[in-house]
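Summary of the model geometry
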Amino acid sequence: MSDLQRTATGQSNVSEGVIRSVPRSESQQFDDPADNCGFRKGDTGEVHYRDPDVMAPGTTREWAFYGLHRVHRWLSKHEPLMALKAATGVVLLAIPSWRVNTAQLYYEWRGQWALITMVLWMFPTTGRYIFLLIMRVSGSILGCLIGVTIWEISSGNPYGIAVLCFAFFVPIYYIFFFTTTYKVAMFLSKVTLLLVIIYEYNNVEWGKDTDEPVYVIAAKRLAMIAVGLVSSLILSLIPSPVTGRVELRKRLAKTVRDIGRLYGILVASYIVKPKRGAMPTESQIKRFRKLSTELRRQIADERNLLAHAMYEPPLRGKFPTAEYKALIDKVDNMADLVHSMGRSVLYINPEWKKVIGHTLMNDRRDYLATVMTTLKLISTTLAAKTTLPPYMIQPHEMRRRFTEDIERKIRIGSREIADPTFTRYCTYMLSSSAFINELQKLLDTVKQLVGIEDPNEWLYLHYQ
């Protein structure tokens, strides 16, 4: 096996011409997804060393502590921590309803509103919290005003309430269904105005001793919302909340890394010499498709984080929104292109596929090295916030050399054009070229964000 094959695939995971995927249970058992460090079991049952800080556990005691480490890593993530804080807040805000001395007051002031508000306002990132804070406060205030207005105009007449609610619901539902930004505000306004009207109507119909005016009920609603808001704010600050901009950068780094993995799997599928069959199995095709779908989900989450990043206060300077939008667009295109390449390579003429693999393996090793190293370098640079090295091989230059080699190896004539898989070959070549083009643009954008290490700066500072 050549050095390039060992580098691209890992010797223990190569079998039958493609990379054999680690079963889900084994992957979860030996791989720590929190920081991409841990231990993974290969096809031979050997546990491969992946954590630079420790060796693989070998005794029962070490495996037990490794299990505790995994539990600690899971609890340290912001998702379980947010769930723990939300559960704590629910218990604390519900305590007055259990105590005899405060139960009546809790009922009169509708303390459950504060509890529900606190739960609905718990979000893992600062940007999303501030955005929904603005939307829900404005929606609640608007709902209180509309509820009081409907009740005062109708004087509690159920037919008048129905007509006025219909008149107000038309614009509310229009904004709710056909806009994205104000959807939450309209939902909260609808719920609040209905609660205000229903509580006041029940007081009048049932003849309660505490005959509260409608504006008092609206004021209590806003007061309980304020209590829930303050509670969620305190819980969000302990410990410090996750910044959406930082989370966006880390998730982009992970997405670029996963694109590199997907590209490596694709390249290995026609570089490694098959033992039993040239075509990948149905299970491997499904797993490849599953990885591609996971990339789509990650990119959708990143677009959501970017949309909420504008609501985070710029304490250290302005957020480079344009650069991050360009990063997401390029990563999105690259994910589509690598999936297109994977689908196309399944139906390419085996002889042409052999030529592509031979060209990659023998003639242009620097092409693959450039692509894989650039993807890994971009991912690591974004995750660690380090500068790029001053000297790098540019991907577009490697693309030009690779294309020239392929054109010399494969002669396109009438017989080749008549081949049913010729369109698949063209799709693969166009997608491969576009992938490198997007990679070059991605690298240029990352340069603007993290900068390039300049050796001349050190020489200048130490000139004297």
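Before reading further, recall that the structure is shown in the block above.
Cut-offs used in this document
- Residues numbered from 1 in each chain as written.
- Predicted model: local features only at pLDDT ≥ 70, side-chain atom pairs only at ≥ 80, totals over all residues.
- Heavy atoms only, no water.
- Helix = DSSP H or I, 4+ residues; strand = E, 2+ residues; numbered from the N terminus.
- Buried < 20%, exposed > 50% of the residue type's maximum accessible area, 1.4 Å probe, protein only.
- Polar contact = N/O pair within 3.5 Å; in protein donor to acceptor, adjacent residues only side chain to side chain.
- Contact = heavy atoms within 4.5 Å.
- 1 Å grid on protein atoms, 1.4 Å probe; cavity = no way out; pocket = protein on both sides within 12 Å on 5 of 7 lines; lining within 4 Å.
- Points joined across faces, edges and corners; volume = space filled by probe spheres on them.
- Nonpolar A, V, L, I, M, F, W, Y, C, P; charged D, E, K, R; others polar.
- Expected span 1.5 Å × (residues − 1).
- Phe/Tyr/Trp six-rings, centres within 6.5 Å; stacked < 30°, edge-to-face > 60°.
- Lys NZ or Arg CZ within 6 Å of the ring centre and 35° of its normal.

This brings us to the side chain of Thr-255. Among the secondary structure elements, Thr-255 is positioned in helix H11 (residues 244–271). Owing to a relative accessible area of 0%, Thr-255 belongs among the buried residues under this scheme. At a separation of 2.9 Å, a polar atom in the side chain of Thr-255 contacts the side chain of Gln-298. Every residue in contact with Thr-255, bar those within four places of it in the chain, is listed here: Leu-295, Gln-298, Ile-299, Glu-302 and Val-331.

This part covers the layout of surface pockets. One number sums up the size of the second largest pocket: a volume of about 740 Å³. In terms of lining residues, the second largest pocket is bounded by 22 residues, among which Thr-243, Arg-245, Val-246, Arg-316 and Phe-319 are the most central. Elements with a minimum of two residues in the lining of the second largest pocket: H11 and helix H18 (422–450). With 3 residues, the top contributor of residues to the lining of the second largest pocket is H11. Of the residues that constitute the lining of the second largest pocket, the class distribution is 11 nonpolar, 5 polar and 6 charged.

Structurally, Asp-332 can be placed in helix H13 (residues 321–345). Taking the relative accessible area as the measure of exposure, Asp-332 reaches 11% and is therefore buried. Distance from Asp-332 to Gln-298, taken between C-alpha atoms, is 9.7 Å for residues 34 residues apart in sequence. If sequence neighbours within four positions are ignored, Asp-332 has contacts with Arg-296, Ile-299 and Arg-303.

Right, let's get into helix H4 (residues 78–98). The end-to-end C-alpha distance of H4 is 30 Å, a good match for the 30 Å that 21 residues give at a rise of 1.5 Å each. All of the buried residues in H4 are His-78, Pro-80, Lys-85, Ala-86, Gly-89, Leu-93 and Ala-94.

One pass over the full model with this rule turns up 9 aromatic pairs. Between Trp-63 and Tyr-66, the aromatic rings sit 5.8 Å apart at their centres with planes inclined by 80°, giving edge-to-face as the arrangement. In this pair, Trp-63 and Tyr-66 both sit in helix H3 (residues 60–76), 3 residues apart, roughly one turn of the helix. Owing to a relative accessible area of 30%, Trp-63 belongs among the partly exposed residues under this scheme. The interplanar angle of 45° and the centroid separation of 5.2 Å between the aromatic rings of Tyr-174 and Phe-178 together place this pair among those described as tilted. Taken together, the residues Tyr-174 and Phe-178, both in helix H8 (residues 158–178) and 4 residues apart, mark about one turn of the helix. Phe-178 carries the same exposure label as Tyr-174, and that label is exposed. In textbook terms, an aromatic cluster arises when at least three aromatic residues are bridged by ring pairs, as seen for Phe-169, Tyr-173, Phe-176, Phe-177 and Phe-187. The positively charged end of Lys-190 is found above the aromatic ring belonging to Phe-176, 5.7 Å away from the centroid. In this arrangement the basic side chain of Arg-221 is found over the ring face of Trp-113, its NZ or CZ atom lying 4.9 Å from the centre.

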